[in-house]
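Descriptive structure summary
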Amino acid sequence: MADFNLIRVLNSSQKGCPLGKNEIKSLLGLSNPEEINLLFKAARNIRTRHFGTRVFLYGFLYFSTHCRNECRFCQYRHSNKSLDRYRKTKSQIMSAAMEMAGAGVDLIDLTMGEDPDFYSSEKSGFKPFVCMVKDVLKKTGLPVMISPGTLPDKVLAKVAGAGVSWYACYQETHNKVLYATLRQGQDFKKRIEKKKQAKGLGMLIEEGILTGVGETLDDIADSIIWMRDFPVDQARVMTFIPRKGTPMAGRKSQDNLRELIIIAVMRLVFKDRLIPASLDIDGLCGLEARLLAGANVVTSIVPPGKGLAGVARNCLDIEDSRRTLARILPVLKNCGLEPALPGEYRAWIKKRQAMNSGIPVKTRVMAC
Ligand code: SAM
Ligand code: MD0
Ligand code: SF4
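It should be emphasised that the depicted structure is a prediction, and the values quoted were computed from it without experimental measurement. (Residues numbered from 1 in each chain as written. Chains lettered and ligands numbered in written order. Predicted model: local features only at pLDDT ≥ 70, side-chain atom pairs only at ≥ 80, totals over all residues. Heavy atoms only, no water.)

We now examine the site of ligand 1. Close to ligand 1 lie 19 residues; Met112, Glu172, Arg183, Arg191 and Ile241 are nearest. Between Met112 and ligand 1, the recorded distance is 2.9 Å, taken from a backbone N or O atom to a nitrogen atom. Measuring from an oxygen atom of ligand 1, one finds a side-chain N or O atom of Glu172 at 2.5 Å. Here ligand 1 has 570 Å² of accessible area as a free molecule, and 94% of this is covered by the chains. Mapped by element, the contributors of at least two residues to the shell around ligand 1 are strand E2 (107-112) and strand E6 (234-239). When grouped by side-chain class, the residues that make up the shell around ligand 1 number ten nonpolar, five polar and four charged. (Near = heavy atom within 4 Å. Polar contact = N/O pair within 3.5 Å; in protein donor to acceptor, adjacent residues only side chain to side chain. Areas by Shrake-Rupley, 256 points an atom, 1.4 Å probe, with all protein chains shown as cover. Helix = DSSP H or I, 4+ residues; strand = E, 2+ residues; numbered from the N terminus. Nonpolar A, V, L, I, M, F, W, Y, C, P; charged D, E, K, R; others polar.)

Okay, structure coming up:
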């Protein structure tokens, strides 16, 4: 961009001015290490202004790895037979959820593939799912996120009514052509509509994109703008990890720099929103870099000894207890960060839900 001035853009963003698409693209395209460091520093400043030193911690519970879909990037796609799958029982789920609650996570993320046992109406349907979600809410006393795929409208309404705080349903990209090659056979609009419906039911929305799947900077900028306009409450990016048994297994893997830059640009755009540093891509080793790029939630915390899997990396750092608070807290400390105090996360959710429903909330508005 001929007239792009990094310092001017970073300064005005820190003062609260919105970024235009060209500015977002120019930031996403930075390659000079010194300039990238300035971007990360600005992202951290903005995070500090809105969240201080506090970081939220999400426990991840992938309770069924069965899936009827054929996402080309995902090892859990239906036709991948080179994989052991599981469906945890309610008592196994409760035990893992209680263990994570006891360890001090702020939220339980209940995730599954689009498991035919739930999604096929001839079988038990979603009753056991709804009942399990209610139990996790009641027994852990924690906020819950669900990432179950495109639930039928009625089921979404039931879980929203039961008090589930978050619905996560990632588009991966907002480029419809690229989407069709990633989430093969799944309707683009249907996934968007589910997020709209959940938002209308008062749930907070997490949106996510993949990087390293053939997207352009223009695509990433469009996704960020889509998330801003929706608006989403939590915005995620994850680097694509090529997985055995999938059509994208042979793709070249991308290093983590693009993901870090996207995290930082997201922080500039979504100043007061939540941005995950997922342990699912590079494990514990990758946590510090993501926090230094401006993330403020650690996700994919998984208890060992329960046979639970991750998504992008199904076993990295799980059984050797590296996705635990004991290993995460020293990393936070190294970055000058600390876990949120009890109640702070719930207060954030309450404030955000009030804002979404149009109830005026005191916010800091800075002059451009
Ligand atoms: N089945 C539900 C769905 O697809 O919405 C819930 C699972 S969803 C939270 C799994 C997410 O993990 C995908 O949306 C994608 O963003 C990410 N993912 C899956 N496979 C991946 C891979 N190989 N590399 C990086 N991210 C991946
Ligand atoms: C994570 N593996 O946080 C999880 C997952 C689903 N809501 C989240 C992608 O990285
Ligand atoms: Fe199934 Fe979700 Fe994986 Fe797609 S991303 S194959 S829907 S588990």
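Right, let's talk about the site of ligand 3 for a bit. Residues in contact with ligand 3, as listed here, are Tyr62, Cys67, Asn69, Cys71, Phe73, Cys74, Arg77, Gly113 and Arg183. Counted by class, the shell around ligand 3 contains five nonpolar, two polar and two charged residues.

Taken as a whole and assessed by the stated rule, the structure comprises 25 salt bridges. Asp218 is the partner of Lys21 in a salt bridge, and the nearest nitrogen-oxygen pair spans 3.1 Å. With a gap of 197 residues between them, Lys21 in helix H2 (residues 21-28) and Asp218 in helix H10 (residues 217-229) connect regions that are remote in the sequence. Classification of Lys21 as partly exposed rests on a relative accessible area of 28%. By relative accessible area, Asp218 is classed as partly exposed at 28%. Two residues, Arg68 and Glu114, come together in a salt bridge whose shortest N-O distance is 2.9 Å. Of the two residues, Arg68 is situated in the loop between strand E1 (54-64) and helix H4 (90-103) and Glu114 in the loop between E2 and helix H5 (116-119); the sequence distance between them amounts to 46 residues. (Salt bridge = Lys/Arg side-chain N within 4 Å of Asp/Glu carboxyl O. Buried < 20%, exposed > 50% of the residue type's maximum accessible area, 1.4 Å probe, protein only.)

Here the focus is the pairing of E6. The buried count for E6 comes to six of six residues, which makes it a mostly enclosed element. By the alternation rule, side chains of E6 split into Gln234, Arg236 and Met238 and Ala235, Val237 and Thr239, which are all buried. Pairing geometry for strand E5 (residues 204-211) and E6, over six bridges, is parallel. Among the inter-strand pairings, Glu206 is bridged to a residue of E6, identified as Gln234. Following the backbone out of E5, through H10 and into the adjacent parallel E6, one traces a crossover that is right-handed. (Pairing = 2+ DSSP bridges. Right-handed = clockwise from strand over helix to strand, strands pointing away.)

The interhelical angle for the contact between helix H6 (residues 127-140) and helix H7 (residues 153-162), taken along N-to-C directions, is 15°, at an axis separation of 10 Å. The orientation of H6 relative to H7 falls into the category roughly parallel. Read as a crossing pair, H6 and H7 show a hand that is right-handed. Along the contact surface, H6 presents Phe129, Val130, Val133, Lys134 and Leu137, while H7 presents Val155, Lys158, Val159 and Ala162. Grouping the constituent residues of the contact of H6 with H7 by class yields seven nonpolar, no polar and two charged. (Axes fitted to C-alpha atoms, helices over the stretch in contact; angles between N-to-C directions. Parallel < 35°, antiparallel > 145°, perpendicular 65-115°, else oblique. Left-handed = near helix turned anticlockwise from the far one by under 90°. Contact = heavy atoms within 4.5 Å.)

Turning our eyes to something else, we now look at the confidence of the model for the protein chain. Looking at the protein chain, pLDDT values average 95 and 96% of them are 70 or higher. Contacts for the low-pLDDT stretch residues 363-367, under 50 throughout, to residues beyond four places or in other chains number six contacts. (pLDDT = per-residue confidence, 0-100.)

Here helix H15 (residues 344-356) contains 13 residues, and its C-alpha end-to-end distance of 18 Å stays within 8% of the 18 Å for a straight helix at 1.5 Å per residue. All of the buried residues in H15 are Tyr345, Trp348, Ile349, Arg352 and Ala354. Buried-residue contacts for H15 involve helix H3 (33-51), E1, E2, strand E4 (166-168) and E5. Among the residues trailing H15, Gly358 stands out with phi positive, at a value near 90°. (Expected span 1.5 Å × (residues − 1).)

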